[in-house]
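Structure assessment
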Amino acid sequence: MLIGLLLLILYTYFRKYSLRQILHMCGQGIFTTRGILRLFIMLGILTALWRASGTIPLLVNYSLHLIHPEAFLLIAFLLNGAMSLLTGTALGTAATIGVICASAGHALGISPCWTGGAILAGAYFGNRLSPISSMALLTANLTQTDIYKNVHRMLRTTWLPLLLSCGIYLTVGFSGIFQSDSGNFSAADWQSLFARECSLSLWSVLPAVLMLALSIFKVRSSRVLLLSACAAIPVAFFAEGHSWSSLLKMLVFGYTSSVPELSKMMNGGGLVSMKNVFCIVLIAGCFGGIFKGTGMLSPLQGFIFKISQKSNSFFAKLLTSIFVACITCNQTLTIILTHQLSENIPSQDPALDLYDSAVIVIALVPWSVATAMILSLAGTPSSSVLCACFLYLLPLSHLVHFGWRAQGHSKL
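Residues numbered from 1 in each chain as written. Predicted model: local features only at pLDDT ≥ 70, side-chain atom pairs only at ≥ 80, totals over all residues. Heavy atoms only, no water.

Here we come to the overall build of the protein chain. From N to C terminus, the protein chain includes 22 helices and zero strands. The C-alpha atoms of the protein chain give a radius of gyration of 22 Å, which matches the 22 Å a tight globule of 412 residues would have. Across its three principal axes, the protein chain shows a C-alpha extent of roughly 65 × 50 × 40 Å. A burial count over the protein chain gives 54% of its 412 residues as buried. In the protein chain, 79% of the contacts between residues at least 6 apart in sequence involve partners at least 24 apart. Here the protein chain has roughly 18,100 Å² of accessible surface; of this, 68% comes from carbon and sulfur atoms. One way to put it: in the protein chain the 23 positive side-chain charges average out to a point 18 Å from where the 11 negative ones average out. (Helix = DSSP H or I, 4+ residues; strand = E, 2+ residues; numbered from the N terminus. Rg over C-alpha atoms; globule rule 2.2 N^0.38 Å. Buried < 20%, exposed > 50% of the residue type's maximum accessible area, 1.4 Å probe, protein only. Contact = heavy atoms within 4.5 Å. Areas by Shrake-Rupley, 256 points an atom, 1.4 Å probe, with all protein chains shown as cover. Lys, Arg positive; Asp, Glu negative; His and termini not counted. Charge placed at Lys NZ, Arg CZ, Asp CG, Glu CD.)

Structure representation (structure tokens):
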């Protein structure tokens, strides 16, 4: 991304923009990302405190007694989907139930790639469909449509990929070929390891319960994260016996387990864990600022219109969103630019076209801001995007549902 940004700056400079103008455009782009950068800081702090307060070990410990390994991928997908539908945020979902599912998946010996795919797909399921999702509301605002009517129409293209995704995750789980040696540990073995690491006090569930309750009442995401982190501090101090100095160190460098067998599952969090996605956001902000300031994407509108004439409006918007997502690495910019580049294309349902393309395609770009953030929180590899079945099946279902024809044109 950094090499691409340098090439873009050189290209912009040779188009007669001064270096001062280019830096100003980059600064404007970075300024628009200030909200997500604050969230990154709070998420890094929160994930460290959830480990220190014993929240993650406690929830994983109980999950292992309730979740059957063969059904884990299906349950992880549905749990993340339900949480994101309830809260409307993919990042908030990944930071809570996503982290718990990732830890439980490791304990059960499930492939991190498939676990990450189920978490990613579930997180974006609600991010697209929830009436309180900022991205869903943004799309409704751009297309001047009603969000609740949009949700009703989205169900037409949602039910089939949802059922197919559930079937795939269940089939993969029962195949047994994606489990590692970690699955040789029983629930009792993991409980004894957790008992060596923390007290497994019921007080440890407080930060998670508080976050869920505040999300239900639609409290702003930043406040939810802050209040949950504040609730975890006294639990970590009094119930788990951490000192103030050790807590401060964890906030910066993350949590480190004292039990070697738990290191892969428990180590992490803190501000340092956010450094990669923090840099991705800064670079993506520069990209967006230059594109907006120069308007260099405008000539693409004619080319996109020709594609729509040879296929249909949705296929043209899908290709556009893929192109834009790979360059901007930002969900908001992908939605806005896709809409701008294809607004002259006749469509039966322009809002649904955007919901089934630009809103979810960004999740399939491993270097995009939100995707990198979710996979980083879950501790899963970038290859997890290959296992996010719902995100592939949704646009395919849309194409099949509406047929391969030029919508709004007489020519097939």
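Our focus in this paragraph is the domain arrangement of the protein chain. For interface size, the figure often reported is the accessible area lost on association. Under the domain assignment used here, the protein chain contains domain 1 (1-32 + 276-407) and domain 2 (39-269). Just the C-alpha atoms count here: the centres of domain 1 and domain 2 sit 27 Å apart. Across the boundary between the two partners, domain 1 contributes 43 residues, which contact 47 residues of domain 2. Buried area between domain 1 and domain 2, summed over both chains or domains, comes out near 3,700 Å², and the portion from carbon and sulfur atoms is 78%. With a shortest N-O distance of 3.6 Å, arginine 156 and aspartate 349 are connected by a salt bridge. Summed over the shared surface of domain 1 and domain 2, the result is 11 residue pairs in polar contact (both at pLDDT 80 or more). At the level of secondary structure, the elements contributing two or more residues to the side of domain 1 that touches domain 2 comprise α15 (275-294), α18 (331-342), α19 (350-355), α20 (358-361), α21 (369-378) and α22 (389-402). (Domains from an automatic or database assignment. Buried area = accessible area lost by both parts, 1.4 Å probe. Salt bridge = Lys/Arg side-chain N within 4 Å of Asp/Glu carboxyl O. Polar contact = N/O pair within 3.5 Å; in protein donor to acceptor, adjacent residues only side chain to side chain.)

Turning next to the packing of aromatic side chains. Counting across every chain of the model gives seven aromatic pairs. Ring centres of tryptophan 114 and tyrosine 169 lie 6.2 Å apart, and the angle between their planes is 90°; on these two criteria the pair is classed as edge-to-face. A residue pair is termed long-range when its members are at least 10 positions apart, and tryptophan 114 in helix α7 (residues 112-129) and tyrosine 169 in helix α9 (residues 147-175) qualify at 55 residues. An identical accessibility class is assigned to tryptophan 114 and tyrosine 169; each is buried. A ring pair is formed by phenylalanine 237 and tryptophan 244, whose centres lie 4.5 Å apart and whose planes are at 20°; its orientation type is stacked. Among the aromatic side chains, those forming a connected cluster through ring pairs are Phe77, Trp114, Phe125, Tyr169 and Phe390. (Phe/Tyr/Trp six-rings, centres within 6.5 Å; stacked < 30°, edge-to-face > 60°.)

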